[in-house]
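Per-entry structural report
This is what each chain is made of:
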Amino acid sequence: EQYGARFVEWWMGLDVKERKRCFQMPKEELRVMFSTVYDFKTAYQVVLCSVLEQVEFFPQTGYKADGATDCEIFLDEHMKTQ
């Protein structure tokens, strides 16, 4: 939970252009930034990059967002880049 709060703080502090850049940036570069700038733990970096990749390709899956939990609803609402 401690790291989740730091992620939310970081993500919500980005403007739309910066959020889009996260999806365009090579994942390894993103992990370096998470480690050096934000001091996220390695395991959290892996999970976060996986989630970003899933969100990036979500439209191609054809799945509908079910919003089964509060966390999923939060991600659905706040991971949007527009």
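From a predicted model like this one, the values you see are computed outputs, not experimental measurements. (Residues numbered from 1 in each chain as written. Predicted model: local features only at pLDDT ≥ 70, side-chain atom pairs only at ≥ 80, totals over all residues. Heavy atoms only, no water.)

Concerning the overall build of the chain
Looking only at helices and strands, the chain has 5 helices and 0 strands in total. Ordered by position from N to C terminus, the α and β elements of the chain give α-α-α-α-α. For the chain, the residues scored as buried account for 21% of the 82 residues in total. Surface summary for the chain: the accessible area is close to 6000 Å², and the carbon and sulfur share equals 55%. (Helix = DSSP H or I, 4+ residues; strand = E, 2+ residues; numbered from the N terminus. Buried < 20%, exposed > 50% of the residue type's maximum accessible area, 1.4 Å probe, protein only. Areas by Shrake-Rupley, 256 points an atom, 1.4 Å probe, with all protein chains shown as cover.)

Some details on helix α2 (residues 16–24)
By the burial criterion, the buried members of α2 are Arg 19, Cys 22 and Phe 23. The arc that holds every buried residue of α2, seen down its axis, measures 95 degrees, which confines them to one face. Set apart from the buried face of α2 by more than 90 degrees, the exposed residues are Lys 17 and Gln 24. Taking the backbone nitrogen of Lys 17 as reference, a side-chain oxygen 3.1 Å away marks Asp 15 as the first, capping residue of α2. (Arc of directions from axis to C-beta. Polar contact = N/O pair within 3.5 Å; in protein donor to acceptor, adjacent residues only side chain to side chain.)

A closer look at the packing of aromatic side chains
Given two aromatic rings, one states the distance between the centres and the angle between the planes to describe the pair. Across all of its chains, the model carries 6 aromatic pairs by this definition. Both rings, one in Trp 10 and one in Tyr 38, keep their centres 5.5 Å apart while their planes meet at 65 degrees; by these two values the pair is edge-to-face. Of this pair, Trp 10 sits in helix α1 (residues 2–13) while Tyr 38 sits in the loop between α3 (27–36) and α4 (42–61); the two residues are 28 residues apart in sequence, bridging distant segments of the chain. Trp 10 sits in the buried class, given a relative accessible area of 7%. Judged by relative accessible area, which is 25%, Tyr 38 ranks as partly exposed. Aromatic pair Phe 34 and Phe 40: ring centres 5.4 Å apart, planes at 40 degrees, arrangement tilted. (Phe/Tyr/Trp six-rings, centres within 6.5 Å; stacked < 30°, edge-to-face > 60°.)

Notes on the nonpolar core
Core analysis: the biggest nonpolar cluster contains 13 residues, and Trp 10, Trp 11, Leu 30, Phe 34 and Leu 52 have the highest contact counts within it. At the level of secondary structure, the elements contributing two or more residues to this core comprise α1, α2, α3 and α4. Each residue touching Phe 34, except ones within four places of it in the same chain, is listed here: Trp 10, Asp 39, Phe 40, Gln 45, Leu 48, Cys 49 and Leu 52. (Core = buried A, V, L, I, M, F, W, Y, C linked by side-chain atoms within 4.5 Å. Contact = heavy atoms within 4.5 Å.)

With respect to unusual backbone geometry
You will see that Asp 39, though not glycine, has its phi angle at about 55 degrees, which is positive. With respect to the helices and strands, Asp 39 occurs in the loop between α3 and α4. Asp 39 gets classed as partly exposed once you look at its relative accessible area, which sits at 45%.

Quick look at the environment of Tyr 44
You can see Tyr 44 is positioned in helix α4. Sequence-wise, Tyr 44 and Phe 7 are 37 residues apart; in three dimensions their C-alpha atoms are separated by 9.8 Å.

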